[in-house]
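Observations on the three-dimensional arrangement
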Amino acid sequence: MLFDTYQNDSFHDEMFQADGSVRPEAKLLLETLQSLQDGHLQRSQRAADRMLLQMGITFNVYGEAAGTERIFPFDLIPRIVPANEWDRIERGLKQRIRALNAFIDDIYHGQRILKDKVIPAEVIRSAASYRPQIHGINPPGGVWCHITGTDLIRHGDGEIYVLEDNLRVPSGVSYVLENRDLMKRTFPEVFEGLRVRPVDDYPGNLLDTLESLAPAHCEDTPLVVLLTPGMYNSAYFEHSFLAQKMGIPLVQGSDLIVEDGIVWMQTTKGPRRVDVIYRRIDDDFLDPAVFRADSLLGVRGIVDAYRQGNVTLANAPGNGVADDKVIYSYVPDMIRYYEGGDAIIPNVETYLCWRDADRQHVLANLDKLVVKAANEAGGYGMLVGPHSTKEQQDDFAQRIVDNPRNYIAQPTLALSRVPTLIGDRLEGRHVDLRPYVLYGKNGIQVLPGGLTRVALRKGSLVVNSSQGGGSKDTWVLAAEVGA
Amino acid sequence: MSVETKPLLSRVADSLYWMARYMERAENVARLLEVNLHLQLDLPLDGNQWQPVIDTCGEAPAFRKKYGEATQESVIAFLAQDRDYANSITSCLFAARENARSVRETISSEMWEHVNGVYLKTLQQYAKPPEELSPEVFRDLRLNGHMFQGITDATMSHNEPWHFVRLGRQMERADKTSRLLDVKYFMLLPRDAGVGTPYDDLLWSAVLKSVSGFEMYRQSRGKVSPREVVSFLVLDPDFPRSIRHSIARAVDSLDVIRGGVESQSARQLGELRRELDEMDVDQMILSGLHEFLDNLQLRLNAVGAGLQRDFFALRTQMQSQTQAVGGD
């Protein structure tokens, strides 16, 4: 019933092969779905929607009245990743994060990679997210990228590619945990017979990671806090969720004060010294004394305390330089430079508009390419060529000519699809995948799973929650015993 | 204490306290409305019992300005539904939820989901014209208030954050019971001075019912009389909504919170508790119950301001602060 009219439409489908037969890892799931009584899936879906509202799992939408909350739509059909494929993704992510961490450390110290002319120095100097104020800082353990949420996509050729690195304040991991919880509560029968790897140890691992990189002065258990911009931030649910699951205080800028290079929080029993801050505020707003002077969200003096080694900031300020979309195109070179060897997960082919030849190609093919601003995220500042009007293309052409450094272009990717409940039946919808990576004193850990975001609008390739996206549970299967 | 308690942010303590106060306040308004709707059924046709409800809340001028005469519809519209009035049920639930939302990491998920669920459900229920709101919806809210207290006590560790929740609940309860008694006593006493009519009995019973106290009153005091009702609501040591009981529990919580450190708010509240322990009901009525209750409310307000100063306010003078708590 559910699959009666289902079509791959020549896209790579995560559940079915090109000939329409089911992929081996999805066989059991398909059988369960086909055995459901009419209406069962829809009822479970409605129950899940109600639960999201009751649990207050919502995000705030900017530009609407304060306190306007929406649920982030959740689709019950999971995305399955077989064990061998996950193994490769995990190795690829570890390799990539090690290289990116080495790159950021290098950029804020000796800049070896620029001197060796692997990356043009001009690209760094012109990156909007490069922070010269950070030069010479040595974060504990040499770790800059404590928490990363790398965006992966599968293209029409069946290959997985890295689309973005997200080394600043990646969000979404709370949905990974809540989606799994919701699946178990509303649709437990689908787990039968499958060995889905658990995700609920993430908050514990996150806390271990943060504690492991406390400043040198800490002898006992460090005081770790999560710094949020506040209740009206779009990711506030996640901030409170993670603080609750880790059992640590959720602080706002106004709760903290810096005196003589030491960070204190205001408690009912007077000030308490803070050792580690998992900050969910962008660099720009973190410290009005160093970055944007008009920021009311941050804490004056916090970067100075950090520079003196009195407090750990996770993620480290300055990471954004590696999120720049022009610098992204050099990550395979970084991997060769710092790690030796080729990238296990390739980049998406990228045209850099400041190169004359690339720019000519981009301007001539605006109707086919995706153009992105180098320093934007969240699906903003972007042109999807095949879905754009002539006017929009002309507008972007002008912007590219005016500021070529700020634009890159990529082929329009045929993102893979997963069956998704649309009304009464299942239809293919495009997805990406954001796994979460923790980097602590004892190495790198990849959460088995991640956030599968789905573009719910028919044909849409934009999966961002602010642009009509939803999410799915992601099942990484455990390896067969003896396999 | 065997285990060192985790530090509690001043801002979080403030929100916990107000979350509890607003939940308790919403429940108290619902109690008043529920009891009054039932009372209507028993009273003679000419008895308008809606103005006293407005008086109990101390909101007569604001109400008159917007609604004019106190009728069942206008009072319900004001006290249950009016989002412009800060102490209506919907406003209180909104405020309780906003406070809960800002401390989600500190309270249990069960508490948050309950507050959120009650808010969403009540908003839906109250989206009708006031004449269509049945006593059932107010009963629902009263039960939800009980449930909130149960969930809080059963799912949250009884440590410092919990004591701020209980402190808020008890402070609000003491204040609301005193207001209720103040208005009812004033309304009822002149008539009671003559021959007790069946309606007086009914009205005093209604007062007891609005604090869920009728049965417990019967067990400990028997016959309904103004003197005994006053004694029960102000001085009963055991009844959970009496003023004396509420203040005693508030003192208990404040003692745990301050952990031996002197504070003005604790001193003020402790004095109030000792006075209530030694109070004689006849003396209290003789020297003017209204004056007594008025003074009590003023002193509760002073304690509230003291809590703000002692625990909630952000203290920017680090040096003096560090000295005050003897370093860290």
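The rules behind these values
Residues numbered from 1 in each chain as written. Chains lettered and ligands numbered in written order. Predicted model: local features only at pLDDT ≥ 70, side-chain atom pairs only at ≥ 80, totals over all residues. Heavy atoms only, no water. Helix = DSSP H or I, 4+ residues; strand = E, 2+ residues; numbered from the N terminus. Buried < 20%, exposed > 50% of the residue type's maximum accessible area, 1.4 Å probe, protein only. Contact = heavy atoms within 4.5 Å. Areas by Shrake-Rupley, 256 points an atom, 1.4 Å probe, with all protein chains shown as cover. Buried area = accessible area lost by both parts, 1.4 Å probe. Salt bridge = Lys/Arg side-chain N within 4 Å of Asp/Glu carboxyl O. Polar contact = N/O pair within 3.5 Å; in protein donor to acceptor, adjacent residues only side chain to side chain. Pairing = 2+ DSSP bridges. Axes fitted to C-alpha atoms, helices over the stretch in contact; angles between N-to-C directions. Parallel < 35°, antiparallel > 145°, perpendicular 65-115°, else oblique. Nonpolar A, V, L, I, M, F, W, Y, C, P; charged D, E, K, R; others polar. Core = buried A, V, L, I, M, F, W, Y, C linked by side-chain atoms within 4.5 Å. Domains from an automatic or database assignment. 1 Å grid on protein atoms, 1.4 Å probe; cavity = no way out; pocket = protein on both sides within 12 Å on 5 of 7 lines; lining within 4 Å. Points joined across faces, edges and corners; volume = space filled by probe spheres on them.

**Thoughts on the overall build of chain B**
Of the regular secondary structure elements, chain B holds 16 helices and zero strands. Within chain B, buried positions represent 55% of all 328 residues. Here the analysis covers contacts within chain B between residues at least 6 apart in sequence; of these, 66% occur between residues at least 24 apart. Accessible surface for chain B amounts to roughly 14,300 Å². Of this, 53% is attributable to carbon and sulfur atoms.

**Things to note about the interface of chain A and chain B**
With 36 residues of chain A at the interface, the matching set in chain B holds 37 residues. With both sides pooled, the region where chain A packs onto chain B buries about 3,200 Å², and carbon together with sulfur makes up 47% of that total. A salt bridge links B:R11 to A:D255; the shortest N-O distance between them is 2.6 Å. Linking chain A with chain B are 20 residue pairs in polar contact (both at pLDDT 80 or more), by the criterion used here. Examining the composition of the side of chain A that touches chain B, we find that six residues originate from one element, helix 8 (residues 236-246) of chain A, more than from any other.

**What about the sheet that holds strand 9 (residues 256-259) of chain A?**
All names here are of chain A. One open sheet holds the three strands; their spatial order is 9-10-11, and the pairing between them is antiparallel. Looking at the sheet topology across the chains shown, the edges are occupied by strand 9 and strand 11 (270-273). Across the sheet, the axes of successive neighbouring strands diverge by a mean angle of 40 degrees, strand direction being ignored. Note: strand 9 against strand 10 (residues 262-267), four bridges, orientation antiparallel. Bridge pairing links V258 to V263 in strand 10.

**A few points about the packing of helix 3 (residues 83-107) of chain A against helix 12 (residues 331-339) of chain A**
Residue and element names in this part refer to chain A. Running from N to C, helix 3 and helix 12 cross one another at 85 degrees; their axes reach a closest spacing of 9 Å. Classified by the angle between their axes, helix 3 and helix 12 sit roughly perpendicular to one another. Every residue of helix 12 that contacts helix 3 at Q95, R96, R98, A99, L100, A102, F103 and D106 is listed here: V331, M334, I335, Y337, Y338 and E339. When its residues are assigned to classes, the contact of helix 3 with helix 12 shows nine nonpolar, one polar and four charged.

**Digging into the nonpolar core**
Of all hydrophobic cores here, the largest spans 169 residues; its most connected members are A:F103, B:L33, B:I89 and B:F138. Mapped onto the domain boundaries, this core takes at least three residues apiece from domain 1 (9-156) and domain 2 (157-313) of chain B. In contact with B:L33, not counting residues within four places along its chain, are B:W50, B:V53, B:V75, B:I76, B:L79, B:A80, B:I89 and B:F138. Grouped together as the second largest cluster of nonpolar side chains are 63 residues, A:L30, A:V224, A:F237 and A:M246 included.

**Some words on empty space enclosed by the protein**
Residue and element names in this part refer to chain B. Following the criterion strictly, the structure yields three cavities of 30 Å³ or more and no others. Along its surface, the second largest cavity is lined by A20, M23, E24, E27, G145, F148, Q149, V165, R169 and R173. Every element with two or more residues in the lining of the second largest cavity is listed here: helix 1 (10-42), helix 7 (135-155) and helix 8 (160-192). At four residues, helix 1 tops the list of elements feeding residues into the lining of the second largest cavity. Residues of the lining of the second largest cavity, tallied by class, amount to four nonpolar, two polar and four charged. In this structure, the lining of the second largest cavity is formed jointly by two domains, domain 1 (9-156) and domain 2 (157-313), each of which donates at least three residues.

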